[in-house]
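A structural walkthrough
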Amino acid sequence: MFSLFLSPILYVLKLVIPAWIIFRSGKAFYLRHTKNPVDFKKEGLLFLLAVYAGSVMAVTIAPAAIAGFNDPDAIRLNLVPFINTATSYLKAMHDHDDKALLHALENIIGNLILLIPLGILLPCIFKSVRSFRLVFSIGIVCSFLIEFIQFFLRQIGTFRTVDIDDLILNTIGVILGWFIYAKIVQRYFPVLMVK
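The following paragraphs examine the structure supplied in this document. Given the structure is predicted, the values throughout are model-derived calculations rather than measurements. (Residues numbered from 1 in each chain as written. Predicted model: local features only at pLDDT ≥ 70, side-chain atom pairs only at ≥ 80, totals over all residues. Heavy atoms only, no water.)

1. A few points about the overall build of the protein chain
- Of regular secondary structure, the protein chain possesses 8 helices and 2 strands.
- Secondary structure elements in the protein chain, listed N-terminal to C-terminal, are α-α-α-β-α-α-α-α-β-α.
- In the protein chain, the proportion of contacts linking residues at least 24 apart, taken out of those at least 6 apart, comes to 77%.
- For the protein chain, the accessible area works out to roughly 11900 Å², and carbon and sulfur atoms hold 73% of it. (Helix = DSSP H or I, 4+ residues; strand = E, 2+ residues; numbered from the N terminus. Contact = heavy atoms within 4.5 Å. Areas by Shrake-Rupley, 256 points an atom, 1.4 Å probe, with all protein chains shown as cover.)

Here's what the structure looks like:
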């Protein structure tokens, strides 16, 4: 399963990393020219955020030819919370179908951890985005945009599931990320935060 995600991530990062290096090199040149110091910690964290964002796009919205996710039988649209996730999980348990059970668990855990890094990186990089409310709001917007783009892509032939459960699990992931930032990074690793 890991290789299924690794291939589209590597494909997208081949585009993201060179574009990022070119873009940020121009900014570094500008800062040197104006005698302003380059904040290498912030640059490193911004690079990490760009790689993370590229990876998320690769596994959630990259075209099927790149990502390899194209299931015409996938549910079109689910707006009833937890019905799809719970049904697939309980059905796999009832049928003793280990493959389906593993798929259901991967879906739940994958959607839960997908936006945890966002909840950590945003407050570490941007001083203005350190409140729970703001990180929570950005997380909901990002998760909604992913589902909205997936819905749009379904209309042009890339068959992905559009599910309210994904939105809920992604948002819980952002919340967990913010708590990791607030309770662990802020207390024990403040060196990772941009001042």
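2. Some words on the environment of Thr171
- When you line up the elements, Thr171 lands in helix H8 (residues 164-188).
- The spacing of Thr171 and Ser137 is 34 residues in sequence and 9.0 Å in space, taken between C-alpha atoms.
- Sequence-distant contacts of Thr171, that is, excluding residues within four places in its chain, are made with Phe136, Ile140 and Ser143.

3. Here's the deal with the layout of surface pockets
- Taken as a whole, the second largest pocket holds about 210 Å³ of empty space.
- Going through the elements one at a time, helix H2 (40-60) and helix H7 (132-155) are the ones with two or more residues in the lining of the second largest pocket. (1 Å grid on protein atoms, 1.4 Å probe; cavity = no way out; pocket = protein on both sides within 12 Å on 5 of 7 lines; lining within 4 Å. Points joined across faces, edges and corners; volume = space filled by probe spheres on them.)

4. Concerning H2
- With 21 residues, H2 should reach 30 Å at 1.5 Å per residue; the first-to-last C-alpha distance of 30 Å fits that figure.
- Of the residues flanking the start of H2, the one acting as N-cap is Asp39, its side-chain oxygen 3.2 Å from the backbone nitrogen of Lys41. (Expected span 1.5 Å × (residues − 1). Polar contact = N/O pair within 3.5 Å; in protein donor to acceptor, adjacent residues only side chain to side chain.)

5. Quick word on the packing of helix H5 (residues 98-114) against H8
- One can describe the packing of H5 onto H8 by two numbers: an axis separation of 6 Å at closest approach and a directional angle of 50°. Considering their axes alone, H5 and H8 lie oblique with respect to each other. H8 is crossed by H5, and the crossing has right-handed handedness. Contacts between H5 and H8 involve Asn107, Ile108, Asn111, Leu112 and Leu114 from the first element and Asp166, Leu169, Asn170, Ile172, Gly173 and Leu176 from the second.
- Taken together, the residues that form the contact of H5 with H8 break down as 6 nonpolar, 4 polar and 1 charged. (Axes fitted to C-alpha atoms, helices over the stretch in contact; angles between N-to-C directions. Parallel < 35°, antiparallel > 145°, perpendicular 65-115°, else oblique. Left-handed = near helix turned anticlockwise from the far one by under 90°. Nonpolar A, V, L, I, M, F, W, Y, C, P; charged D, E, K, R; others polar.)

6. Focus: unusual backbone geometry
- Of note, the phi angle at Phe82 is positive, near 65°, even though the residue is not glycine.
- Turning to its location among the elements, Phe82 is positioned in the loop between strand S1 (77-78) and helix H4 (83-94).
- Classification of Phe82 by relative accessible area gives partly exposed; the value is 42%. (Buried < 20%, exposed > 50% of the residue type's maximum accessible area, 1.4 Å probe, protein only.)

7. As for the pattern of salt bridges
- For the coordinates displayed, the defined rule picks out 1 salt bridge.
- Across the pair Arg24 and Glu43 runs a salt bridge whose closest N-O atoms are separated by 2.6 Å. You can see Arg24 sitting in helix H1 (residues 2-33) and its partner Glu43 sitting in helix H2, a full 19 residues away along the chain.
- Judged by its relative accessible area of 13%, Arg24 is buried. (Salt bridge = Lys/Arg side-chain N within 4 Å of Asp/Glu carboxyl O.)

8. A closer look at a nonpolar patch on the surface
- Together, Ile180, Ile184, Tyr188, Phe189, Val191 and Leu192 make up an exposed nonpolar region whose accessible area comes to about 580 Å².
- Note on placement: Tyr188 falls in helix H8.
- On the basis of relative accessibility, which here comes to 57%, the residue Tyr188 falls in the exposed class. (Patch = residues over 30% accessible without salt bridge, like charges linked within 9 Å, V, L, I, M, F, W, Y side chains within 5 Å.)

9. A few points about the side chain of Asp166
- Tracing the chain through its elements places Asp166 in helix H8.
- A distance of 3.0 Å separates the side chain of Asp166 from the side chain of Asn111, its partner in a polar contact.
- For Asp166, the contacting residues outside a window of four places in its chain are Asn107, Asn111, Ser143, Glu147 and Thr161.

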